[in-house]
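Chain residues, written in single-letter form:
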2 protein chains.
Amino acid sequence: MGAIPASVEERVALLKRLNSPYHRDLDDDQLRMVAEPARLIEAQAGEFLYHQGEPAHYSYLLISGLIKIIHYHPSGRPIIVRFIKPGLAFRIAHFGVVSRYCASAQAATDVRVLRWDMHDAMRLLKEFPSIALNSIAVLQQMFVDLVETLNWFACGSAEERLFWAVRRLAEGLCEGDRAVLPITQGELATSTGLSLYTVNRILGSWEQRGILERHRHVLIVWPTKLASVCRYKI
Amino acid sequence: MGAIPASVEERVALLKRLNSPYHRDLDDDQLRMVAEPARLIEAQAGEFLYHQGEPAHYSYLLISGLIKIIHYHPSGRPIIVRFIKPGLAFRIAHFGVVSRYCASAQAATDVRVLRWDMHDAMRLLKEFPSIALNSIAVLQQMFVDLVETLNWFACGSAEERLFWAVRRLAEGLCEGDRAVLPITQGELATSTGLSLYTVNRILGSWEQRGILERHRHVLIVWPTKLASVCRYKI
DNA sequence: TCCGCTCATTGCGCTAGAGCAAAGACAACG
DNA sequence: CGTTGTCTTTGCTCTAGCGCAATGAGCGGA
């Protein structure tokens, strides 16, 4: 993980190109004020940007690549909470009471991120109410998403739980009619609370039905076909 | 569900007494501006304030009583997402893209709430950045809480899942050393994804160990004792 | 080129917990 | 004060999915 030299202009350009949900209401001058205290950072696949429980010193916005947000149970068992794609911030739990990272962030591919010191991030949030309002919208969407996931966990058979987990993770990662998930079957197993063996058998049956392809460390999913395994209208 | 006549002064007084996390940074004049467009509403135990999927016309703040937030799976199976106690807002998913209630709100006891028209709520949010910042803090805390819950669902045995569900629901409802949960064993079952019978048997064993008392529709829990059923340090 | 590691696959026995049935307990209501 | 409906309790059977074991497959490093 290291800093990449980048002028303010370059950072502004990155922000403009991103069109992130947080900064969409800002004009050029305002974007410049946002970009000014940021630093451009790169990290290699597998590196951790931060770890669950550490004091939250920074706020991040993903520029390119893919980030895995991982939450660890007290037993040490990890679940993949979500993927972050470019334009989304990952720094949940920065303000107020919660001053530690509530999960870990791992680079799933080589990544570039913009990083703000927490104090700067807080200041910007106060200075530009539109960022705060947009953050609320994003957070609410994430919250709703998580409630739904919880309900699927409570309801379903193994196949339904897996269906929902794959669908959810694939959702943000669609390109054309397919999504590429950088995830192993073992990770899917811990994320869903199923055993490795069960996940393997279910994915096998889905592959036979042409719903997805399994490769090493990677799952290629056709979300429209995936829907056929679910009995309910969503 | 009906309106209770209340002057602006009375509504301001209610807000001041509540000391809700959203409005703690406002002075008296500002509180008055917040209270002005609100209406005081009462509802009886069992009534629904709103239903999942309806257009979200109102924003609510609980004054007295207890609210259950219920999320329905496409199959119709409900889970109790959380209890709302006085001072907390329940109107998640009001702004931005999400314009429908993402869950239902049911009065668990007779309740009184303050209600804002969504347009007023949005206007106040823009007018008073401190409300937006505090909302972010509350939302983040709720999000973190939900991620933890999800992980316990993925990890655990039946007893661990139930432990976490009871602990979580009891957390906000502590009075002295005990918490009174207005919940049936059947509701706990659907909320945890366990069967009625399993919940009954586990709660039975906990009651024998003095961890809780079961009454009709009500669970009395001693949270400190509850911790003893969990193998992990939390 | 071989070794070693991590991830994937498959068969099989076993157990936690689902699900049915049937009875008991309590509250609300006429 | 019985009736009705909802919630709780318990015994019993059965199966979905766990978890072990053993093998295979691909990748990286020396």
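Use the structure listed above.
Attention here is on the structure that accompanies the text.

What follows covers the overall build of chain A. Secondary structure assignment for chain A yields eight helices and twelve strands. On C-alpha atoms alone, chain A measures out to a radius of gyration of 19 Å, which is about the 17 Å that the 2.2 N^0.38 rule sets for 234 residues. By its C-alpha atoms, chain A is 55 × 35 × 35 Å across when sized along the principal axes. Per-residue burial for chain A yields a buried fraction of 41% across its 234 residues.

Attention now goes to the interface of chain B and chain A. Chain B puts 45 residues into the contact, and the matching count from chain A is 44 residues. If you list the elements that add at least two residues to the side of chain B that touches chain A, you get β6 (78-84), α3 (118-127), α4 (129-155) and α6 (185-192) of chain B. The greatest single-element share of the side of chain B that touches chain A, amounting to 21 residues, is contributed by α4 of chain B. Classifying every residue of the side of chain B that touches chain A by side-chain character gives 29 nonpolar, 13 polar and three charged.

This paragraph deals with the protein's contact with DNA strand D. Ser 157, Ala 158, Ser 195 and Thr 198 of chain A together with Gln 185 of chain B are the nearest of the 18 residues found near DNA strand D. Looking at the surface near DNA strand D, the elements that each hand over two or more residues are α7 (196-208) of chain A together with α6 and α7 (196-208) of chain B. In terms of residue count, the dominant contributor to the surface near DNA strand D is α7 of chain B (five residues). Residue classes in the surface near DNA strand D are distributed as six nonpolar, nine polar and three charged.

Bringing the sheet that holds strand β4 (residues 58-64) of chain B into the picture now. Residues and elements named next belong to chain B. Strand order in the open sheet made by the four strands is β1-β2-β8-β4, with antiparallel pairing throughout. What marks the edges here is a single partner per strand, and that holds for β1 (2-3) and β4. With six bridges joining them, β4 and strand β8 (residues 111-117) adopt antiparallel strand pairing. Residue pairing for β8: Ser 64 is matched across the bridge by Arg 112. Against the sheet, α3 touches β4 and β8, its axis set at about 75° to β8.

Let's shift gears to the protein's contact with DNA strand C. The local shell around DNA strand C holds 16 residues, among which Gln 185 of chain A together with Ser 157, Ala 158, Ser 195 and Thr 198 of chain B are the closest. Put simply, the parts of the chain that give the surface near DNA strand C at least two residues each are α6 (185-192) and α7 of chain A together with α7 of chain B.

Another aspect to go through is the packing of helix α5 (residues 158-171) of chain A against α6 of chain A. Residue and element names in this part refer to chain A. At a minimum axis separation of 10 Å, α5 and α6 run at an interaxial angle of 110°. On the basis of the axis angle, α5 is roughly perpendicular to α6. Here α5 runs over α6; the crossing is right-handed. From α5, Arg 161, Leu 162 and Ala 165 reach across to α6, where they touch Leu 188, Ser 191 and Thr 192. Residue composition of the contact of α5 with α6, by class: three nonpolar, two polar and one charged.

Once that is clear, we can look at the relation of the copies chain B and chain A. Rotating chain B by 180° about the axis while translating it 0.0 Å along that axis superimposes it on chain A, leaving an RMSD of 0.0 Å. Put plainly, the chains are arranged around a two-fold axis.

All names here are of chain A. Note that strand β1 (residues 2-4) and strand β2 (residues 39-43) share three bridges and pair antiparallel. Opposite Ile 4, over in β2, you have Leu 40 as the bridge partner. Bridge count between β2 and strand β8 (residues 111-117): five bridges; the pairing is antiparallel. Paired with Ala 43 across the strands is Val 111, a residue of β8.

All names here are of chain B. Taken together, the four strands give an open sheet; going across it, the order is β9-β10-β12-β11, and neighbouring strands pair in antiparallel fashion. Both outer strands of the open sheet, β9 (174-175) and β11 (212-215), are each paired with one neighbouring strand and no more. As paired elements, β9 and strand β10 (residues 178-181) share two bridges and run antiparallel to each other. Within β10, the residue paired with Cys 174 across the bridge is Ala 179.

What follows deals with α3 of chain B. Three or more residues of α3 of chain B are buried, namely Ala 121, Leu 124 and Leu 125 of chain B. With its buried residues spanning 100° around the axis, α3 of chain B presents them on a single face. Against α4 (129-155) of chain A together with α2 (28-35), β4, β8 and α4 of chain B lie the buried residues of α3 of chain B.

Glancing now at the packing of α4 of chain A against α5 of chain A. All names here are of chain A. Running from amino to carboxyl end, α4 crosses α5 at an angle of 160°, the nearest separation of the two axes being 8 Å. By the angle class used here, α4 and α5 are roughly antiparallel. Note on packing geometry: the crossing formed by α4 with α5 is left-handed. Residue-level inspection shows Thr 149, Trp 152, Phe 153 and Cys 155 of α4 in contact with α5, the latter providing Glu 160, Arg 161, Trp 164 and Arg 168. Here the contact of α4 with α5 is composed, by residue class, of four nonpolar, one polar and three charged.

A few words now on unusual backbone geometry. Residues and elements named next belong to chain A. In the Ramachandran plot, Asn 19 falls in the positive-phi region, its phi being about 55° despite a non-glycine side chain. Turning to its location among the elements, Asn 19 is positioned in the loop between α1 (8-18) and α2 (28-35). You can call Asn 19 exposed: it has 10 C-beta atoms within 10 Å. Of note, His 217 is a non-glycine position whose phi angle comes to about 65°, a positive value.

Further remarks concern helix α1 (residues 8-18) of chain B. Residues and elements named next belong to chain B. Among all positions in α1, only Arg 11, Val 12 and Leu 15 are buried. End-on, the buried residues of α1 take up no more than an arc of 100°, which puts them together on one face. Exposed positions of α1 whose direction lies more than 90 degrees from the buried face are Glu 9 and Arg 17. Residues of α1 that are buried make contact with α2, β2 (39-43) and β8. At the C-terminal side of α1, Asn 19 shows a positive phi close to 55°.

Cut-off values and rules
Each chain has its residues counted from 1, running along the sequence as written. Going through the entries in the order they are written, you letter the chains from A and number the ligands from 1. Local features in a predicted model are, by the rule used here, given only for residues with pLDDT of at least 70; side-chain atom pairs are given and counted only at 80 or more, and totals for whole chains, interfaces and linings are based on all residues. For helices the rule is a DSSP run of H or I covering at least 4 residues; for strands it is a run of E covering at least 2, with both sets numbered from the N terminus onward. Restricting the calculation to C-alpha atoms gives the radius of gyration, and the globule rule supplies 2.2 Å times the number of residues raised to the power 0.38. Put plainly, a residue is buried at 20 or more neighbouring C-beta atoms within 10 Å of its own, exposed at 12 or fewer, and partly exposed in between, counting only other residues' C-beta atoms, which are placed from the backbone. Whether two residues are in contact is decided by their C-beta atoms, placed from the backbone, lying within 7 Å. Three classes are used, and their members are as follows: Ala, Val, Leu, Ile, Met, Phe, Trp, Tyr, Cys and Pro are nonpolar, Asp, Glu, Lys and Arg are charged, and the others, Gly among them, are polar. For each residue, a C-beta atom is placed from the backbone, and the residue counts as near a molecule or strand when that atom lies within 6 Å of it. The pairing criterion for strands is at least two bridges between them, as found by DSSP. Here the axes come from fitting lines to C-alpha atoms, over the contacting stretch only for helices, and the angles between their N-to-C directions go from 0 to 180 degrees. If an angle is under 35 degrees, it is roughly parallel; if it is over 145, roughly antiparallel; if it lies from 65 to 115, roughly perpendicular; otherwise it is oblique. For any helix crossing, the convention is left-handed if the near helix is rotated counterclockwise from the far helix by under a right angle, and right-handed if that rotation is clockwise. All copies are superposed by least squares; the fitting set is the C-alpha atoms of residues with a pLDDT of at least 70 in both. Taken from the helix axis, the directions to the C-beta atoms give the arc we talk about.

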